[in-house]
4 protein chains.
Amino acid sequence: MSVRTPDADDNNWSDDSEWRSDENRAPLSDSGNSINPAWLSDTELIQIRQKLPLAYVEAVPVRLDGLGRVVEVGLLLRATPEGRITRTFVSGRVMHGETIRDALYRHLEKDLGPMAFPQLPISSVPQAVAEYFPSPSITQYTDDRQHAISLVYVVPVTGTCEPRQDALEVTWFSVSQAVSESVADELEGGRGSLLRIALGAIGALT
Amino acid sequence: MSVRTPDADDNNWSDDSEWRSDENRAPLSDSGNSINPAWLSDTELIQIRQKLPLAYVEAVPVRLDGLGRVVEVGLLLRATPEGRITRTFVSGRVMHGETIRDALYRHLEKDLGPMAFPQLPISSVPQAVAEYFPSPSITQYTDDRQHAISLVYVVPVTGTCEPRQDALEVTWFSVSQAVSESVADELEGGRGSLLRIALGAIGALT
Amino acid sequence: MSVRTPDADDNNWSDDSEWRSDENRAPLSDSGNSINPAWLSDTELIQIRQKLPLAYVEAVPVRLDGLGRVVEVGLLLRATPEGRITRTFVSGRVMHGETIRDALYRHLEKDLGPMAFPQLPISSVPQAVAEYFPSPSITQYTDDRQHAISLVYVVPVTGTCEPRQDALEVTWFSVSQAVSESVADELEGGRGSLLRIALGAIGALT
Amino acid sequence: MSVRTPDADDNNWSDDSEWRSDENRAPLSDSGNSINPAWLSDTELIQIRQKLPLAYVEAVPVRLDGLGRVVEVGLLLRATPEGRITRTFVSGRVMHGETIRDALYRHLEKDLGPMAFPQLPISSVPQAVAEYFPSPSITQYTDDRQHAISLVYVVPVTGTCEPRQDALEVTWFSVSQAVSESVADELEGGRGSLLRIALGAIGALT
């Protein structure tokens, strides 16, 4: 399955222009957009995607029991413009000047809402590294927009998830449901394997 | 530095006999102590220590900032019978029939009190594995009582630590203080190196 | 599936008495067996198994391509006394006085022969930690003899595997075959899940 | 210490123009440089560095003993144009269309020569993730050219290292020497801390 990752740079997923320009503005910038060299126009982003791998972070939201074991796995649900249901992780670019933790926090808040209360990982080392390529022949992960290198973290959330209104929902699965074939088929870009890898890395596969 | 690990099996550290017998009682037992085959007398424990490596868990308590970065490291303080100050981690045996998570939780509560509210690790894979031997020539970690294999976890605590009354205190250090030579010299059994390894494993060394 | 792990302490798997007494002799011993306090008789081992968790190491042998990717997974094959085929990992106890690396090396040589040329892991932190209990209700891993805590490593081998003659063979599978349901059903003690976890931890699940 | 990372994009470190253009050519390209959209001119690279974090891989070469323990750590030595000695890791960009493993292999061969025979990691998850910023106030790692996100691997080498002629040498240190203050002071961009973190992650700090 090779569909586009929903992130702020993608016209297909959002026409929320203010959000998009916020997304494209680098965290380091403290001046107006018009003269900020770190600001990427859509045209520039398209060009850069042909020339460099882009750095991404992804988060798999989970709920834990009192002993720290994974009880449920949260996956974002979305209908494609063609009406097909797809699922994905919390996901997005690391901006220029932004730390990985800041990027994780920003995308978690954007996709899960301000009341999700995620527990950011104590380790900067991710549970998995995923390499997305436009061509499916290089790795098992595909993104038809770009070559992306993604650091994937399993992130416990303790609050209430309220995804943004652009067609996102969070569905909570048991671990065995989440890694089932039927859910894997709905996960975009090969993230069915990636979910098993990330859960395996913390010993949470059954 | 080769001193005894403070755990419930050690007569030198506690004359709290009820606690000790509780410690020695296996979690699986549901009958009286006198006929429970999983109960270990002190004599038996001494004998077994000559014959098998014992399985331990250890926890390094830390405090985090809002982005999950380690801000402070908690070390247990104790005066030896000879009056020397030593520091150590939360530490103790895994009992027969007890899971690693249960053992971690039990020892965290025993050493930090019921209001510490530790966040048990989502991964069952530890940050470090330490092998303690009576002889200092085999590894860098020593325990003059036994050969112990210890799974070491970095554990965020969010509440208030109130160590038990048997001479334990928790001292909070910045990361750079915690890994300094002077603190390393006070950490028993070679845990100065082990602390650097555990913090390195989560990318928290400076 | 709850069957016995093949290791040197198990009468069912071997009547090779010299090997068994070698296995039971602690590496630290330099005196005769009759007076060595670290020597465990079969009776003692049975008793100790009721009282303490035993420390194990396990290795999943793999073959790599030139870029370090897992190409094949090696599983040990054996027929049970009842004639059923089971598969397992390289596996065995850590002896008193023996380091984890020494135990890994010893069991790899015992199960794969002297020409397997395993590359022992550079990290002492395992890919997975498995907790085996006699009762299947506590974790997903079972061992009807004992409570065992096992450190599981993925170990590349570069030479030729010649398992010992006691009914063991090494079968090489592609990664997708190795984690298939049919192979998982043949892996004893719940190691089907464990194999997925260990391969997930290194990003090698497809 | 905030100095430039030696990589192929940096005019200060090399006037080997053929090597540089090879470096700048994307692995996916199969056409002439003049029309390859993945080719980055120096001007473009300078511009992109103001707008995006760049993806890097780094390798810490080590020599192992027969049981897989780190015996020596290899650091690249170089004299700056000002005559100061600095040390660093094997390091370089991940190109568009190139996998992390391919990038690791390419940079290892470039910096250590064709006879180093590195053992690429079985896990795609790195030992550490380093975030380099031009400003020293954001993380402990600095690179005055760019914001770089670097995946850091510890890589055993079994052959002979013959660094390229542009002023590079490999110096082998014991672990305790490699993490000493004096060597840390010579490591550029904050890699003294990073080396401790990477060695800690595999349990190899003493």
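Rules used throughout
Residues numbered from 1 in each chain as written. Chains lettered and ligands numbered in written order. Predicted model: local features only at pLDDT ≥ 70, side-chain atom pairs only at ≥ 80, totals over all residues. Heavy atoms only, no water. Helix = DSSP H or I, 4+ residues; strand = E, 2+ residues; numbered from the N terminus. Buried < 20%, exposed > 50% of the residue type's maximum accessible area, 1.4 Å probe, protein only. Areas by Shrake-Rupley, 256 points an atom, 1.4 Å probe, with all protein chains shown as cover. Least-squares fit on C-alpha atoms with pLDDT ≥ 70 in both. Contact = heavy atoms within 4.5 Å. Core = buried A, V, L, I, M, F, W, Y, C linked by side-chain atoms within 4.5 Å. Buried area = accessible area lost by both parts, 1.4 Å probe. Salt bridge = Lys/Arg side-chain N within 4 Å of Asp/Glu carboxyl O. Polar contact = N/O pair within 3.5 Å; in protein donor to acceptor, adjacent residues only side chain to side chain. Nonpolar A, V, L, I, M, F, W, Y, C, P; charged D, E, K, R; others polar. Expected span 1.5 Å × (residues − 1). Pairing = 2+ DSSP bridges. Phe/Tyr/Trp six-rings, centres within 6.5 Å; stacked < 30°, edge-to-face > 60°. Lys NZ or Arg CZ within 6 Å of the ring centre and 35° of its normal. Axes fitted to C-alpha atoms, helices over the stretch in contact; angles between N-to-C directions. Parallel < 35°, antiparallel > 145°, perpendicular 65-115°, else oblique. pLDDT = per-residue confidence, 0-100.

Q: Sorry if this is basic, but what is going on with the overall build of chain A here?
A: Helix and strand counts for chain A come out as six helices and eight strands. In sequence order, the secondary structure elements of chain A are arranged as α-α-β-β-β-β-α-β-β-β-β-α-α-α. Looking at chain A residue by residue over its 206 residues, the buried ones come to 62%. Taken as a whole, chain A presents about 7,600 Å² of accessible surface, with 51% of it coming from carbon and sulfur.

Q: What is the right way to look at the relation of the copies chain D and chain C in this model?
A: Copies of the same chain, two in number, are related to each other by a rotation about an axis and a translation along it. Mapping chain D onto chain C calls for a rotation angle of 180 degrees and an axial translation of 0.0 Å; the resulting RMSD is 0.0 Å. Such a turn and shift between the copies fits a two-fold axis. Both copies contact each other with a shared surface, as 100% of the interface residues of chain D are interface residues in chain C too.

Q: Whenever I open this one, the environment of Gln119 of chain C confuses me. Can you help?
A: Position of Gln119 of chain C relative to the elements: it lies in the loop between α3 (100–112) and β5 (128–133). For the pair Gln119 of chain C and Gly203 of chain C, spaced 84 residues apart in sequence, the C-alpha to C-alpha distance is 18 Å. Among all residues touching Gln119 of chain C, those that are not within four sequence positions of it are Val155, Pro156 and Thr158 of chain C together with Gln119 of chain D.

Q: Is there a simple way to explain the nonpolar core in this structure?
A: For soluble globular proteins, nonpolar side chains are generally found buried alongside one another. Core analysis: the biggest nonpolar cluster contains 136 residues, and Val73 of chain A, Val73 of chain B, Val73 of chain C together with Val73 of chain D have the highest contact counts within it. When neighbours within four sequence positions are excluded, Val73 of chain D is seen to be in contact with Val60, Pro61, Val62, Thr171, Trp172, Phe173, Val175, Ala178, Leu195 and Leu199 of chain D.

Q: I'm lost on the interface of chain D and chain A in this one. Help?
A: In many analyses, interface size is given as the accessible surface area lost on bringing the parts together. Across the boundary between the two partners, chain D contributes 35 residues, which contact 35 residues of chain A. Summed over both partners, the interface of chain D with chain A buries about 2,800 Å², with 69% contributed by carbon and sulfur atoms. Together, Lys51, Leu52 and His96 of chain D form the three largest contributors to the area buried by chain D at its contact with chain A, with a combined 24%. Summed over the shared surface of chain D and chain A, the number is two salt bridges. Put simply, Lys51 of chain A and Glu44 of chain D hold a salt bridge, and the shortest N to O gap is 2.2 Å. For the pair chain D and chain A, the interface holds eight residue pairs in polar contact (both at pLDDT 80 or more). Residue assignment for the side of chain D that touches chain A shows that the elements contributing at least two residues are α2 (42–48), β1 (54–64), β5 (128–133) and β7 (148–156) of chain D. It is β5 of chain D that contributes the most residues to the side of chain D that touches chain A, four residues altogether. Residues of the side of chain D that touches chain A, tallied by class, amount to 21 nonpolar, eight polar and six charged.

Q: I keep staring at α3 of chain C and nothing clicks. Help me out?
A: For an α-helix, 3.6 residues make a turn, and residues three or four places apart therefore share a direction. Residue and element names in this part refer to chain C. Over its 13 residues, α3 runs 18 Å from end to end, which matches the ideal 18 Å to within 8%, given 1.5 Å per residue. Taken as a whole, α3 has its buried residues at Ile100, Arg101, Ala103, Leu104, His107, Leu108, Lys110, Asp111 and Leu112. One or two residues past the end of α3 sits Gly113, with phi positive at roughly 90 degrees.

Q: For this particular structure, what's the right way to read the interface of chain D and chain C?
A: Taken together, the contact between chain D and chain C spans 19 residues of the former and 19 residues of the latter. Overall, the association of chain D and chain C removes approximately 1,500 Å² of surface from exposure, summing both partners, and the carbon and sulfur fraction of that is 59%. On the chain D side of the interface with chain C, the three residues burying the most area are Leu67, Ile122 and Ile202 of chain D, jointly 41% of the side's total. Here chain D and chain C share zero salt bridges between them. Where chain D meets chain C, there are four residue pairs in polar contact (both at pLDDT 80 or more).

Q: Even after reading the chapter, I still don't get the pairing of β7 of chain D, so can you show me in this structure?
A: Here is the key point about a regular strand: its side chains alternate between the two faces of the sheet. Residues and elements named next belong to chain D. Counting buried positions over the nine residues of β7 gives nine, a clear majority of the element. Because side chains alternate across β7, one face comprises the buried residues Ala148, Ser150, Val152, Val154 and Pro156, and the other comprises Ile149, Leu151, Tyr153 and Val155, equally buried. The pairing of β1 with β7 spans nine bridges and is classified as parallel. Residue pairing in the sheet places Ala55 in a bridge with Ile149 of β7. For β5 and β7, the ladder comprises five bridges, and the chain directions are antiparallel. In the sheet register, Ala128 faces β7, and the bridge partner there is Val152.

Q: What exactly am I supposed to notice about the packing of aromatic side chains here?
A: One pair of aromatic rings is described through two measures. These are the centre distance and the angle between the planes. Evaluation of the coordinates by the stated rule reveals four aromatic pairs over all chains. Stacked on the ring of Trp172 of chain D, the Lys or Arg Arg63 of chain D has its end atom at 4.4 Å from the ring centre.

Q: Even after reading the chapter, I still don't get the relation of the copies chain D and chain A, so can you show me in this structure?
A: Once chain D is rotated about the relating axis by 180 degrees and shifted along it by 0.0 Å, it coincides with chain A to within an RMSD of 0.0 Å. Residue by residue, 100% of the interface of chain D is reproduced at the interface of chain A, so both copies engage with the same surface.

Q: Explain the pairing of strand β3 (residues 85–88) of chain B to me, please; I cannot follow it from the model alone.
A: Bridge count for strand β2 (residues 70–79) of chain B against β3 of chain B is four bridges, and the pairing is antiparallel. Paired with Ala79 of chain B across the strands is Ile85 of chain B, a residue of β3 of chain B.

Q: Which parts of the structure should I look at to understand the side chain of Ser123 of chain D?
A: Its location among the elements puts Ser123 of chain D in the loop between α3 (100–112) and β5. A distance of 3.1 Å separates a polar side-chain atom of Ser123 of chain D from the backbone nitrogen of Val125 of chain D. Not counting residues within four places of it along the chain, the set of residues in contact with Ser123 of chain D comprises Ala201 and Ile202 of chain C together with Arg101 and Tyr153 of chain D.

Q: I'm lost on the pattern of salt bridges in this one. Help?
A: Opposite charge on two side chains allows them to pair when their charged atoms are near. Residue and element names in this part refer to chain B. Here the structure, examined in full by the defined rule, presents 36 salt bridges over all chains. Linking Glu58 and Arg191 is a salt bridge whose minimum nitrogen-to-oxygen distance equals 2.7 Å. Remark: Arg191 occurs in helix α6 (residues 191–201) and Glu58 occurs in strand β1 (residues 54–64); sequence separation between them is 133 residues. Residues Glu98 and Arg106 are paired through a salt bridge, measuring 2.7 Å at the closest nitrogen-oxygen approach. Using a relative accessible area of 22% as the deciding quantity, one classes Arg106 as partly exposed.

Q: Please clarify how the packing of helix α6 (residues 191–201) of chain A against helix α6 (residues 191–201) of chain C should be interpreted in this entry.
A: At a closest axis distance of 7 Å, the pairing of α6 of chain A and α6 of chain C adopts a crossing angle of 100 degrees. Here α6 of chain C runs roughly perpendicular to α6 of chain A, going by the angle between their axes. Packed against α6 of chain A, whose contacting residues are Ile197, Gly200 and Ala201 of chain A, the element α6 of chain C presents Ile197, Gly200 and Ala201 of chain C at the interface. Considering only residue class, the contact of α6 of chain A with α6 of chain C consists of four nonpolar, two polar and no charged.

Q: Just checking my understanding: could you explain the confidence of the model for chain A for this structure?
A: The predicted coordinates ought not to be read in detail in places where the model reports low pLDDT. All names here are of chain A. Residues at a pLDDT of 70 or more form 80% of chain A, whose mean pLDDT is 83. Note on residues 1–36: pLDDT under 50 across the span, and 87 contacts to partners over four residues away in sequence or across chains. Interface confidence for the predicted complex, given as ipTM, is 0.84, next to a pTM of 0.87.

Q: Just checking my understanding: could you explain helix α6 (residues 191–201) of chain D for this structure?
A: Within α6 of chain D, 11 of the 11 residues are buried, leaving the element largely enclosed by the surrounding structure. Taken from the residues just after α6 of chain D, Gly203 of chain D is the one with a positive phi, measuring 75 degrees.

Q: Where do I start with unusual backbone geometry in this structure?
A: Both trends apply: most residues other than glycine have a negative phi, and most peptide bonds are in trans. Here the phi dihedral of Phe117 of chain B falls at roughly 50 degrees; this positive angle occurs in a residue that is not glycine. Residue position: Phe117 of chain B is located in the loop between α3 (100–112) and β5 (128–133).

Q: Explain the environment of Ala148 of chain C here, please?
A: All names here are of chain C. The residue Ala148 is located in strand β7 (residues 148–156) in this model. Among the residues examined, Ala148 registers a relative accessible area of 1% and is labelled buried. Between the C-alpha atoms of Ala148 and Pro163, which are 15 residues apart in sequence, the distance is 24 Å. Apart from residues lying up to four places away in sequence, Ala148 is in contact with Leu54, Tyr56, Ala130, Glu131 and Tyr132.

Q: Which parts of the structure should I look at to understand the environment of Val152 of chain A?
A: Residues and elements named next belong to chain A. Mapped onto the secondary structure, Val152 falls in strand β7 (residues 148–156). You can call Val152 buried: its relative accessible area is 0%. For the pair Val152 and Val60, spaced 92 residues apart in sequence, the C-alpha separation works out to 7.5 Å. Not counting residues up to four positions away in its chain, the partners in contact with Val152 are Glu58, Val60, Phe89, Pro126, Gln127, Ala128, Ala130, Leu194 and Ala198.

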